[in-house]
Amino acid sequence: VEEVYSDMLREKKEIVAYEDLEDLHGELPQRIFEWFPKERAHRDILIKTISRDVPFAREFSKRNRGLLRETKFITAPKFKTDINIYGDKVALIDLQGETQFAVLIENHNLAETMRTVWQQLWDKLGPVVG
């Protein structure tokens, strides 16, 4: 999981994501949860997220400007995963299982399809937060 987050930093491409900040905060090792957003912003990598609308995510999003983030919210059950699309890569991260793991797919067509589906939902959601 940590290696996939590091790959996002090395790639230096805009990231679009589906995230559940409440689960990320509760399941991702704290050092990664604190390190990644700051390091990503420091490297000038924008992340645009579709996040599950929960109080923790609303509170975290107050820091969006400083963390180079844009967020739109969706009412949904727990996502249970973190999905990040950047460059020609799709990172599928499962933090809920007994063993956390990530699958990184590097394929231009898959990344473009996932980005298109993400963009369709993004365009239908409310205003950007942050």
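Residues numbered from 1 in each chain as written. Predicted model: local features only at pLDDT ≥ 70, side-chain atom pairs only at ≥ 80, totals over all residues. Heavy atoms only, no water.

(A) Summary view of the overall build of the protein. Check the secondary structure of the protein and you find 5 helices and 6 strands. For the protein, the succession of helices and strands along the chain, N to C, is α-β-α-α-β-α-β-β-β-β-α. Taken against the 2.2 N^0.38 rule, which gives 14 Å for 130 residues, the C-alpha radius of gyration of the protein at 14 Å falls within 12% of a compact globule. Taken over the C-alpha atoms alone, the protein extends approximately 35 × 30 × 30 Å along its principal axes. Relative to all contacts within the protein whose residues are 6 or more apart in sequence, the contacts with residues 24 or more apart total 67%. About 7000 Å² of surface is accessible on the protein, with carbon and sulfur atoms providing 51% of the total. Taking the average place of the 20 positive charges on the side chains of the protein and the average place of its 23 negative ones, the gap between the two points comes to 5 Å. (Helix = DSSP H or I, 4+ residues; strand = E, 2+ residues; numbered from the N terminus. Rg over C-alpha atoms; globule rule 2.2 N^0.38 Å. Contact = heavy atoms within 4.5 Å. Areas by Shrake-Rupley, 256 points an atom, 1.4 Å probe, with all protein chains shown as cover. Lys, Arg positive; Asp, Glu negative; His and termini not counted. Charge placed at Lys NZ, Arg CZ, Asp CG, Glu CD.)

(B) Structural context of helix H5 (residues 108-124). A rise of 1.5 Å per residue sets the reference length of H5, with its 17 residues, at 24 Å; its end C-alpha atoms lie 25 Å apart and thus fit the reference within 8%. Burial in H5 covers these residues: Ala111, Trp118 and Trp122. Down the axis of H5, the buried side of the element spans an arc of 45 degrees, and every buried residue falls inside it. Looking at H5, the residues exposed on the side facing more than 90 degrees away from the buried face are Asn109, Asp123 and Lys124. Elements in contact with the buried residues of H5: strand E1 (15-19), strand E2 (47-52), strand E3 (69-74), strand E4 (81-86) and strand E5 (89-94). The N-capping residue of H5, defined by a side-chain oxygen 3.0 Å from the backbone nitrogen of Asn109, is Asn107. (Expected span 1.5 Å × (residues − 1). Buried < 20%, exposed > 50% of the residue type's maximum accessible area, 1.4 Å probe, protein only. Arc of directions from axis to C-beta. Polar contact = N/O pair within 3.5 Å; in protein donor to acceptor, adjacent residues only side chain to side chain.)

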